[in-house]
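Residues per chain are reported as follows:
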Amino acid sequence: MKTSRIALVTGANQGLGRALVEGLAARMNPDDLVLLTGRSQQRVTDAAHQVAGLPGTRARVEGRVLDVTDTDAIARLAEDLRSRHGGVDVVISNAVARVLPEESQAARADEFIDVSNTATHAILRSFGPVLRPGGRLLVVASSLGTLGHLDPRLHPLFDGASLERVEHAVEEWRRAVRHGTAQEAGWPVWLNVPSKVAQVAAVRALAAERRDVDLATGTLIAAVCPGMVDTATSRPWFSDYEHAQSPARAATAVLDLIFAEHVDPGLYGELVRFGKALDWHAGAPLPEQDRLLTP
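From a predicted model like this one, the values you see are computed outputs, not experimental measurements.

Focus: the overall build of the protein
Here comes step 1: Helix and strand counts for the protein stand at nine helices and eight strands.
Here comes step 2: Computed over C-alpha atoms, the radius of gyration of the protein comes to 18 Å, within 12% of the 19 Å expected from 2.2 N^0.38 for 295 residues, which places it in the range of a compact globule.
Here comes step 3: Its C-alpha atoms put the protein at 60 × 40 × 35 Å along the principal axes.
Here comes step 4: Put simply, the protein has 295 residues, and 52% of those count as buried.
Here comes step 5: Pairs at least 24 apart in sequence give 77% of the contacts found in the protein among residues at least 6 apart.
Here comes step 6: Surface exposure of the protein reaches about 13,200 Å², of which carbon and sulfur atoms provide 50%.
Here comes step 7: Counting 31 positive and 36 negative side-chain charges, the protein places the centres of these two groups 4 Å from one another.

Okay, here's the thing in C-alpha cells:
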C-alpha cells in the first residue's frame, strides 16, 4: 500500500500561498494531506474549509496555526509530522512580512528578518531531517536573491557559506540596521534585497550538505522565484502590472517543479524561475531603489 503523502505550506492564507495549497490539493491523491498554515486560527480554519470545498480538490486539507517567527513552534511541528506520519513529502516556505514603500525600512527590519530569514533557517533546519526520500523542500524567494544584487564587499558573507555562516551574516546585517551603520557597510536600504539573497544562500548551504544523497533518492531542495505576482504584498511596490501574474498562474510553475517525475541536477540547490536555474552571481546593486525609500 502506498504511503500517504504530506504537504505543508507556510504563509498560506491568501495570495501565492493559498494558490499553492489549492494546486497541491488538486494534484495530490484523496489519501494525501495538505496542511495550510498561518498565524490566525480563524483565518487558517476558514481557508482550509474553503479549499476543501473547491470542485477540483482531491486531497484532504487541514489548517494548522503556525507563527513562523516562533522557531520552537516550527521545530515542534516538524517533530509532530515525523512522529505521526513518519515525515513530510512537500514543504513550501512562503511566509513574508508586508512592508509598504512609505514605511521606514529600519523600523520594520526586525519583523521582516524574523519572518523571511530566521523562519527560513528554522524551516530548513527542522524540516530537512524529516523530509522523506523523493520529497521537495522549497523556499519562495525572488530574482533579487542572486548575489550580484549586493555590494561586492558583502559577497564573501554568502558565497559558499554554511548555513551557520548565513545565519551569522543575517544577524550582522540586523545589528547594522539597528545601529544605523548598514549603508556605510554596503547593505541596501531596501530590506528585500539582502533578505532574498540570504534566503537563497541558506538553501544553497543546506543543499550542499545533502546533494549526493538527495539526488540519489530523487529529493529536491531549491529556492523558487514565481515571477511578478499580483498580490496585496507586492502591488504597492510596482506601478506597471502589465506582466504580473495571478497567484494561481504563478503557482503553476512551482507546482510543476514539485510534481516533476525526475529531479534535474541542474536545479538542485539553485534559485529556480519558470523551470530554469538563475545564475547565483548575476545581478547588480539597485541604488535607484534605495533613493525612493525611507531608511
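Some points on the pairing of strand β2 (residues 33–38)
Regular strands show a simple pattern: their side chains alternate between the two faces of the sheet.
Here comes step 1: Most of β2 sits out of view: six of its six residues are buried.
Here comes step 2: Side-chain alternation along β2 places Leu-33, Leu-35 and Thr-37 on one buried face and Val-34, Leu-36 and Gly-38 on a second face that is also buried.
Here comes step 3: Bridge analysis of strand β1 (residues 6–9) against β2 gives four bridges, and the strand direction is parallel. Residue Ile-6 lies in a different strand from β2, and its bridge partner there is Leu-33.
Here comes step 4: Crossover handedness for the path β1 to helix α1 (residues 15–27) to β2: right-handed.
Here comes step 5: Across six bridges, β2 lies against strand β3 (residues 60–65) in parallel orientation. Within β3, the residue paired with Thr-37 across the bridge is Arg-64.

Digging into the pattern of salt bridges
Here comes step 1: If you walk through the whole model with that rule in mind, you get 20 salt bridges.
Here comes step 2: Between Arg-125 and Glu-167 there is a salt bridge whose closest N-O contact spans 2.7 Å. Taken as a pair, Arg-125 in helix α4 (residues 109–127) and Glu-167 in helix α6 (residues 163–179) lie far apart in primary sequence, 42 residues in all.
Here comes step 3: With a relative accessible area of 36%, Arg-125 lands in the partly exposed category.
Here comes step 4: Accessibility expressed as a relative area gives 22% for Glu-167, which makes it partly exposed.
Here comes step 5: Through salt bridges that share partners, Asp-110, Asp-114, Glu-171, Arg-174 and Arg-178 make up one connected network.

A few points about the pairing of strand β4 (residues 88–93)
Here comes step 1: Burial runs high along β4: six of the six residues are buried.
Here comes step 2: In this sheet, β4 lies alongside β1 in parallel orientation, the contact comprising three bridges. Looking at the pairing, Val-9 lines up with Ile-92 of β4.
Here comes step 3: Here β4 pairs with strand β5 (residues 131–140) via five bridges, running parallel. In the strand pairing of β5, Ile-92 is matched with Leu-138.
Here comes step 4: The parallel pair β4 and β5 is bridged by α4, and the resulting crossover is right-handed.

Calculation criteria
- Residues numbered from 1 in each chain as written.
- Predicted model: local features only at pLDDT ≥ 70, side-chain atom pairs only at ≥ 80, totals over all residues.
- Heavy atoms only, no water.
- Helix = DSSP H or I, 4+ residues; strand = E, 2+ residues; numbered from the N terminus.
- Rg over C-alpha atoms; globule rule 2.2 N^0.38 Å.
- Buried < 20%, exposed > 50% of the residue type's maximum accessible area, 1.4 Å probe, protein only.
- Contact = heavy atoms within 4.5 Å.
- Areas by Shrake-Rupley, 256 points an atom, 1.4 Å probe, with all protein chains shown as cover.
- Lys, Arg positive; Asp, Glu negative; His and termini not counted.
- Charge placed at Lys NZ, Arg CZ, Asp CG, Glu CD.
- Pairing = 2+ DSSP bridges.
- Right-handed = clockwise from strand over helix to strand, strands pointing away.
- Salt bridge = Lys/Arg side-chain N within 4 Å of Asp/Glu carboxyl O.

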